[in-house]
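Per-entry structural report
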Amino acid sequence: MQKNDMATVTIEDIGVNGEGIGKVDGYTLFIKDAVIGDRVEVKVMKAKKNYGYARLMKILEPSAARVEPRCPFARKCGGCQIQEMSYGQQLAFKEKKVRGNLERIGGFAPDILDRVMDPVLGMDEPFGYRNKAQFPFGTDKEGRPVTGFYAGRTHDIIANTDCALGVPVNQEILEIILAFMKEYGIPAYDEKTGQGLLRHVLIRYGFTTKEIMVCLVVNGSRIPRAEELICRLRGIDGMTSISLSPNTRQTNVIMGDSYQVLWGQGYITDYIGNVRYQISPLSFYQVNPVQTEKLYSLALEYAGLRGGETVWDLYCGIGTISLFLAQKAGQVYGVEIVPQAIEDAKKNAGLNGITNAEFFVGKAEEILPEYYERYSQEHGGESARADVIVVDPPRKGCDETLLETIVKMQPEKVVYVSCDSATLARDLKVLCGAGYELEKARPVDMFPMTVHVETCVLLQRRTM
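The structure displayed is predicted, hence computed values, not measured ones.

Rules of the game
- Residues numbered from 1 in each chain as written.
- Predicted model: local features only at pLDDT ≥ 70, side-chain atom pairs only at ≥ 80, totals over all residues.
- Heavy atoms only, no water.
- Helix = DSSP H or I, 4+ residues; strand = E, 2+ residues; numbered from the N terminus.
- Buried < 20%, exposed > 50% of the residue type's maximum accessible area, 1.4 Å probe, protein only.
- Contact = heavy atoms within 4.5 Å.
- Lys, Arg positive; Asp, Glu negative; His and termini not counted.
- Charge placed at Lys NZ, Arg CZ, Asp CG, Glu CD.
- Salt bridge = Lys/Arg side-chain N within 4 Å of Asp/Glu carboxyl O.
- Expected span 1.5 Å × (residues − 1).
- Arc of directions from axis to C-beta.
- Core = buried A, V, L, I, M, F, W, Y, C linked by side-chain atoms within 4.5 Å.
- Pairing = 2+ DSSP bridges.
- Axes fitted to C-alpha atoms, helices over the stretch in contact; angles between N-to-C directions.
- Patch = residues over 30% accessible without salt bridge, like charges linked within 9 Å, V, L, I, M, F, W, Y side chains within 5 Å.
- Areas by Shrake-Rupley, 256 points an atom, 1.4 Å probe, with all protein chains shown as cover.
- Disulfide = S-S within 2.5 Å.

**A short note on the overall build of the protein chain**
Counting secondary structure elements, the protein chain contains 10 helices and 21 strands. If one aligns the C-alpha atoms of the protein chain with their principal axes, the spans along those axes are about 75 × 65 × 40 Å. Across the 464 residues of the protein chain, 53% fall into the buried class. Long-range contacts, defined here as pairs at least 24 residues apart, represent 64% of the contacts in the protein chain between residues at least 6 apart. Separation of charge centres in the protein chain, based on 54 positive and 59 negative side chains, amounts to 4 Å.

Written out as structure tokens, the structure reads:
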């Protein structure tokens, strides 16, 4: 096909960025805003040799799974890719996506997946689930300050203070900040010129404690008349922490390297299950607490701890999974590359009276191999062992060196928590080729209305 060609397409799948996928005489087209089951008329905008990108011109026959989005900006906004698809169909798509990657990349036979895979864990209420939101500030055509979310693949702000995925108090906070900016002439940051003051606001909300955090990210070191803004924000029920994070770099990174408390304390607290966590502006903390509890409970179930096991938790963040595991394990070792996260993990262990968890700063692919070699040297050639190793890596998955060390340590079980089923499948292929068997797998929908899905997997060491 060529640019500007018109075509009629039936959508068969969804791409990694939420685009509908259909074929015309074997030629694949990616079509934004189309959902599985739609029959659409499209115009080709970019044509490669074997695939192209097309614009949705008309929906000829809507899919049975097509629904009216709750948010009027769903099509424009880059936050929700599949809000126009029924939630049941979203879950079916995500389960199929995980299964497809395990088959195609991991090489697992369909009959094995039939046996080990459980249905995707969805939500009863798939809106209003985010406990964290970061809103950029900008200026509209009339020069007025606006905030919202970026349009897909751009940094153009869609003005909207009422995101369907966030908690209702976000809107109240944003309206207070915008009114303050207008009243006192506080300029929004301009990415193109590097001028202006207010860049972003980070809002965190404790679903259990109802505590609220506001962190203002500024292109400078202070906000004029900050006392007035603090006074207005303090009036919101549950406000616990108001802080400022300087970020004067011309970068797409949202937060600065540090923050200063303007009022209240420098953190909020919240719970996952019965474990309490202290969360600062710079902490990594899962954004969906309802599904996080399901995911971590699944990891704990898969680990099958009885009380005396040694467990390594790699990519441990602020100790969220580590402390869950420590309730049932003999000893837990957590590893995380971010120093601030490890400080938070240690504080969280103390907060919960947990004494059997130890944390190390560094890359998992360096810390674990170093530990393995050092242990062997210090124990006359005896190999370091672990009963269970838990990994929760970033999207790129596990480093090859780390996988090799896991195999050498011969844990009875490996629990792999993944945010990318493609790299998960790749890593499972390596581990299953080195003495492990896939025992259980279950997708968990942490991010409804988006194409992303988490997966929890249990590997068992084969007995020789």
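**Some words on the pattern of salt bridges**
Any two side chains of opposite charge can pair, so long as their charged atoms come close to each other. One pass over the full model with this rule turns up 19 salt bridges. For the salt bridge of Glu-84 with Arg-66, the shortest nitrogen-to-oxygen distance reads 3.4 Å. Placement of Glu-84 in the loop between β5 (51–61) and α1 (87–104) and of Arg-66 in the loop between β5 and α1 is noted, with a sequence separation of 18 residues between them. Here Glu-84 matches Arg-66 in class, with each residue buried. Across the salt bridge formed by Glu-84 and Arg-75, the nearest N and O atoms sit 3.1 Å from each other.

**Some words on α1**
An ideal rise of 1.5 Å per residue puts 26 Å on 18 residues; α1 measures up with 25 Å between its terminal C-alpha atoms. Among all positions of α1, only Tyr-87, Gln-90, Leu-91, Phe-93, Lys-94, Val-98, Asn-101 and Leu-102 are buried. When α1 is viewed along its axis, its buried side chains cluster within an angular range of 165 degrees and face the same direction. Across α1 from its buried face, at more than 90 degrees, point the exposed residues Lys-96 and Arg-104. The inward-facing, buried residues of α1 contact β1 (6–14), α2 (110–116), α10 (421–432), β20 (436–444) and β21 (454–461).

**Section: the nonpolar core**
Residues Leu-325 and Val-415 are the most contacted members of the largest nonpolar core, which totals 56 residues. Among the elements that make up this core, the one with the highest residue count is helix α5 (residues 289–303) (seven residues). If sequence neighbours within four positions are ignored, Val-415 has contacts with Ala-299, Tyr-302, Ala-303, Val-388, Ile-389, Val-390, Val-391, Cys-456, Val-457 and Leu-458. Trp-312, Ala-364, Leu-438 and Leu-459 belong to the second-largest nonpolar core, a separate cluster that totals 38 residues.

**Structural notes on the sheet that holds strand β2 (residues 20–24)**
Reading around the circumference, β1-β2-β3-β5-β4 is the order of the five strands in this closed barrel, with mixed pairing throughout. Averaged over neighbouring strand pairs, the angle between their axes works out to 50 degrees when direction is ignored. Of the pairings in the sheet, the one linking β2 to strand β3 (residues 27–31) comprises five bridges and is antiparallel in character. Note that in β3 the partner of Ile-21 across the bridge is Phe-30.

**Regarding a negative patch on the surface**
On the surface, Glu-366, Glu-370, Asp-399, Glu-400 and Glu-404 cluster together to form a negatively charged patch. Within the residue set of the negative patch, elements represented by two or more residues are α8 (364–378) and α9 (400–409). Here Glu-366 shows up in helix α8.

**Observations concerning the state of the cysteines**
One pass over the structure, following the stated rule, counts zero disulfides. Free of any disulfide, Cys-163 has its nearest neighbouring cysteine sulfur in Cys-80, separated by 6.1 Å. No disulfide involves Cys-419; its sulfur sits 11 Å from that of Cys-398, the nearest cysteine.

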